[in-house]
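Given next are the chains, with one letter for each unit.
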Amino acid sequence: MNARPGRGRVVAPLLIVAASLAGLAGVLAIAGYDPVLALGALWRGSLGSFDAFASGTLVRATPLILIALGFALALRGGMLNIGAEGQFLAGAMAAAWLGVHLAGWPSLLAIPATWVVAFAAGLIWVVVPVVLRVRYGVLEVISTLLLNFVAEALVSFMVQGPLQERSGIYPQSDPIADAARLPLLPGTRLHLGIVLAILLAAALWFYFSRTLGGFRLLAVGTGPRAAAITGRIDVTRTAALALLVSGGIAGLAGAAEVGGVAYALYPNLSPGYGFTAIAVALLARLHPGAIIVTGVLFGALETGAGAMQRDAGIPAVIVYVVEAVIILALLLADARRTARSPAVAGAA
Amino acid sequence: MTDGIELLAGFLAAAVRVATPLLLAATGETISERGGVINLGIEGSMLAGALAAAIGSSAGGPWSGLAAALIAGATLAAVFALVSVHAGADQIIAGTAITLGAVGLTGAVYRAYYGTAGAGLSIPTLAPVEVPVLAEIPLLGAALFAQPLTTYFAVALVPATWWYLFRTRGGLALRAAGESADGARAAGVRVRATRTLAVVAGGALAGLAGATLVLAQVGTFSERMTAGRGFIAIAIVVLGRWHPGGVLVAALFFGAATALQFVFQASGTAVPYQLFLMLPYVLALLGLAGAVGRVRAPRDLGRPERAS
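Once a new chain begins, its residue numbering starts again from 1 and follows that chain's sequence as written. Whichever chain is written first is A, and whichever ligand is written first is 1; the rest continue in order. It should be noted that, the model being predicted, local features are given only for residues of pLDDT at least 70 and side-chain atom pairs only at 80 or more, the latter also being counted only at that level, while totals for whole chains, interfaces and linings use all residues. The side-chain figures draw on all heavy atoms in the structure; neither hydrogens nor water molecules are used.

A. Focus on the overall build of chain A. We count a stretch as a helix when DSSP gives it H or I for four or more residues in a row; a strand needs E for two or more, and each element gets its number in order from the N terminus. For chain A, the count of helices and strands is 13 helices and 0 strands. Overall, chain A shows an N-to-C arrangement of helices and strands of α-α-α-α-α-α-α-α-α-α-α-α-α. For the C-alpha atoms alone, the extent of chain A along its principal axes is close to 60 × 50 × 35 Å. Taking the contacts inside chain A whose residues are at least 6 apart along the sequence as the reference set, 76% of them involve residues at least 24 apart. Accessible surface area values rest on a Shrake-Rupley calculation with a 1.4 Å probe, where residue burial reflects the displayed protein chains alone. When the accessible area of chain A is evaluated, it comes to approximately 14,100 Å², of which 67% is carbon and sulfur surface. His is not counted, nor are the chain ends; Lys and Arg add positive charge and Asp and Glu add negative charge. Throughout, a charge is located at the NZ atom of Lys, the CZ atom of Arg, the CG atom of Asp or the CD atom of Glu. The average position of the 21 basic charges and that of the 14 acidic charges among the side chains of chain A differ by 16 Å. The contact definition used throughout considers only heavy atoms, calling two residues in contact when any of these lie within 4.5 Å.

B. Structural view of the side chain of serine 156 of chain A. For serine 156 of chain A, the position within the fold is in helix α6 (residues 140–160). Pairing of N or O atoms within 3.5 Å defines a polar contact, subject to two protein rules: one partner must be a possible hydrogen donor and the other a possible acceptor, and residues neighboring in sequence count only if both atoms are side-chain atoms. For serine 156 of chain A, the side chain forms a polar contact with the side chain of glutamine 274 of chain B, separated by 3.2 Å. Leaving out residues up to four positions away in the same chain, serine 156 of chain A has contacts with Tyr273 and Gln274 of chain B.

C. Focus on the packing of helix α11 (residues 273–283) of chain A against helix α12 (residues 288–312) of chain A. All names here are of chain A. Two numbers describe how α11 lies on α12: the axes approach to 8 Å, and their chain directions differ by 140 degrees. When the axes of α11 and α12 are compared, the pair comes out oblique. Along this stretch, α11 crosses α12, giving a crossing that reads as right-handed. Contacts between α11 and α12 pair Thr276, Ala279, Val280, Ala281 and Leu283 from the former with Ile291, Thr294, Gly295, Leu297, Phe298 and Glu302 from the latter. For helices, the fitted line uses only the C-alpha atoms of the stretch in contact; every axis is such a line through C-alpha atoms, and the angle between N-to-C directions lies from 0 to 180 degrees. For this classification, under 35 degrees means roughly parallel, over 145 means roughly antiparallel, 65 to 115 means roughly perpendicular, and everything else is oblique. Left-handed is the label given to a crossing in which the near helix is rotated counterclockwise from the far helix by less than a right angle, and right-handed is the label when the rotation is clockwise.

D. Molecular detail of helix α3 (residues 62–86) of chain B. Residues and elements named next belong to chain B. Spanning 25 residues, α3 covers 34 Å between terminal C-alpha atoms, matching the ideal 36 Å at 1.5 Å per step. Taking the largest bend as the criterion, α3 deviates by roughly 30 degrees, centred on phenylalanine 80. Looking one or two residues beyond α3, the residue adopting positive phi is glycine 88, at roughly 70 degrees. By this rule the span expected of a helix is its residue count minus one, scaled by 1.5 Å. Think of it this way: the bend at a residue is just the angle between two axes, each fitted to seven residues, one set ending at that residue and the other starting at it.

E. A look at the interface of chain B and chain A. On the chain A side, the residues contacting the 49 residues of chain B number 44 residues. Buried area adds together the accessible area that both of two parts lose upon being put together, with accessible area traced by a 1.4 Å probe. With both sides pooled, the region where chain B packs onto chain A buries about 4,000 Å², and carbon together with sulfur makes up 83% of that total. Per-residue buried area on chain B facing chain A is highest for Ile93, Leu100 and Leu285 of chain B; these three make up 16% of the total on that side. Between Lys or Arg on one side and Asp or Glu on the other, a salt bridge is scored when a side-chain nitrogen of the former is within 4 Å of a carboxyl oxygen of the latter. Scanning the region where chain B abuts chain A turns up 0 salt bridges. Listing elements by their share of the side of chain B that touches chain A, those giving two or more residues are α3, α4 (91–114), α10 (229–239) and α12 (273–291) of chain B. Here the side of chain B that touches chain A gets 14 residues from one element, more than from any other, and that element is α4 of chain B.

F. Molecular detail of the environment of valine 249 of chain B. All names here are of chain B. By secondary structure assignment, the location of valine 249 is in helix α11 (residues 244–267). Burial classification: accessible surface area is computed with a 1.4 Å probe over protein chains only, and a residue below 20% of its type maximum counts as buried, one above 50% as exposed, and the rest as partly exposed. Residue valine 249 is classed as exposed on the basis of its relative accessible area of 58%. Sequence-wise, valine 249 and alanine 25 are 224 residues apart; in three dimensions their C-alpha atoms are separated by 14 Å.

G. Geometry of the confidence of the model for chain B. Within a predicted model, pLDDT stands for the predictor's per-residue confidence, ranging from 0 to 100. Residue-level pLDDT values for chain B average 87, and 94% of them are 70 or greater. Mean pLDDT in chain B bottoms out at helix α5 (residues 141–145) of chain B, which sits at 74, and peaks at α3 of chain B, which reaches 95.

H. View of the nonpolar core. With 190 residues, the main nonpolar core has Ile82, Leu146, Leu265 and Ile291 of chain A together with Leu40, Phe221 and Ile236 of chain B as its most contacted residues. With residues near it in sequence (within four places) discarded, isoleucine 236 of chain B still touches Leu22, Ala26, Val247, Ala250, Ala251 and Phe254 of chain B. Ranked by size, the runner-up nonpolar core spans 13 residues in total, among them Ala74, Val126, Val130 and Ala240 of chain A. Nonpolar core, defined: a set of buried Ala, Val, Leu, Ile, Met, Phe, Trp, Tyr and Cys residues in which side-chain atoms within 4.5 Å join the residues together.

I. Region of interest: the pattern of salt bridges. Residue and element names in this part refer to chain B. Tallied over the entire structure, the rule returns 6 salt bridges over all chains. Between glutamate 223 and arginine 111 there is a salt bridge; the shortest N-O distance is 2.9 Å. Placement of glutamate 223 in the loop between α9 (191–218) and α10 and of arginine 111 in helix α4 is noted, with a sequence separation of 112 residues between them. Ionic pairing is found between arginine 185 and aspartate 182, a salt bridge with its closest N-O pair at 3.8 Å. A residue pair is termed a helical-turn pair when its members lie 3 or 4 positions apart in one helix, as arginine 185 and aspartate 182 do in helix α8 (residues 181–186) at 3 residues. Residue class for arginine 185 comes out partly exposed when judged on its relative accessible area of 31%. Look at aspartate 182 and you get partly exposed, because its relative accessible area is 40%.

J. Spotlight on the packing of aromatic side chains. Think of it this way: a Phe, Tyr or Trp ring, Trp meaning its six-membered ring, pairs with another when their centres are within 6.5 Å, and the plane angle makes it stacked under 30 degrees, edge-to-face over 60, tilted otherwise. In the structure shown here, the tally under the stated rule is 7 aromatic pairs over all chains. Where tryptophan 162 of chain B meets phenylalanine 166 of chain B, the ring centres are 6.5 Å apart and the plane angle is 40 degrees; that geometry is what we call tilted. Of this pair, tryptophan 162 of chain B and phenylalanine 166 of chain B both sit in helix α6 (residues 149–167), separated by 4 residues, roughly a single helical turn. An aromatic cluster is defined as three or more aromatic residues linked by ring pairs; in this entry it consists of Phe149 of chain A together with Phe231 and Tyr281 of chain B. Charges are assigned to positions over rings by a cutoff of 6 Å between ring centre and Lys NZ or Arg CZ, combined with an angular limit of 35 degrees from the ring normal. Above the face of the phenylalanine 208 of chain A ring, arginine 76 of chain A is positioned so that its terminal group lies 4.1 Å from the ring centre.

Set out below in structure tokens:
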């Protein structure tokens, strides 16, 4: 999963995406929809105009890229973080809680402050899975998944309790202060979060490929026993840290969503970003630069699906089927190439 | 005083009712994991089973619903088996993808069938079947002997699964495949075929679990209605130590934990209901922390069979 991208590693994902879209068109045709109308709407709603691209696709891509970067970081260390949904919500709660109270602050301080608390909240949300994994050997996959539902219930509690807006009618928080809102690209809804995502991708690329720490992480993820035998790598600590930071990054995505799009906390803030991001990261082969590309691709797919629902009456949730098919096809393509070591297996 | 007893009897009945889908899904996952395959896609199988049950039941009554759910759950599990058992791909990621796909598929089919508003469906449901005399027992009668047939089936499945796993050749081969794929193959077990069957059976039971959710508990379908019950079932398998009897106890425990919220709602306490929503998940986490270390997973759980 970590080798240098050869031609086959780039071509296969492209083919899979193209085939999946063709398959979608076929299924829609069989189900009695007009596939040309549907795919046309998909295109117009996502990449067909600058406005759709900037205000729709890129805005949707921002949390996907951020969460996928975190997922890639953890998986490089051999840890599967499939509970990003909960960490995202933890970050969103923290950002909204602080953002409401920042009226009068300079944006230059307010925005970083929300990012810091959101990162911390996302990280804290992973502390329990990390402790359970390290001390009791509980598979982090199950614990992070379970915590997603705890986070959902907590958001629901917050917006009907401590964080509910002043009138006490709607299940949402007060709007955050102007100071905590991310600047927009003039004339669009594209917010500063995309810059954060790109900078983080660059930083992770540098970390993965140019630093000793990145090399250690890779060693832990691909051959934990070999890494331990060298005596210079604390395997448990490295993997745990990767999982924690990946949670923090998902929290950051929550802050970007609250500060750049939602301006408040409410339930259903995430339409499944945490799961789509898995497809984003896997399709990019965990490469930070490629994650930007695949993040934009899935951002386009999901934004376009909204247009498809409006214009052609096709339920937008159908994109999750496309995403699932892409992941499964990738797994099949990879499995044929190599019998990869089960770095993520084991533990109970 | 009689009020208290009635409340308790109602609580116990609710606990068993809520435990039924968890028990079915967890028993299926026990079979699958005993064979060495962890299937996170059972959440998806459950969801697909729930929708299939709703559609099948409105078309041809509850029994059609059950059959449709069985097929839907098994089909998704078969796709999962193709990717994870036959191609040897990562089971966790494959299972997550199956669940993601099921969310999309059920959502799309549901909206296509019933419109985006998702008008409240009224579907024929499974009525409780009272066991004569026994159902009259105070306190426990309603909980144990006035349940839908699916509950009796789920409970009967526990000794049957135990018998199969520990007293038959097929069960021995299955457990061998889960403990050591290489060893099992050396002993002549067809590991992939064995694992595939186990996974598909597990998926069918998960589909049935989704059906009981719709036909015997909620009475309608809504998007993402399984809400992580499949994942809780996976935790139940760990808590039950991969043993059908242990799984029964753990499932009942979770049924009780979930049913607690009905009692508290009925008694009108000021505790926010969201805390009760959290309870099963938090208990699952605590239980996992307590259980692991004292229990041992099948040794080759999560490991694909290496190509020979």
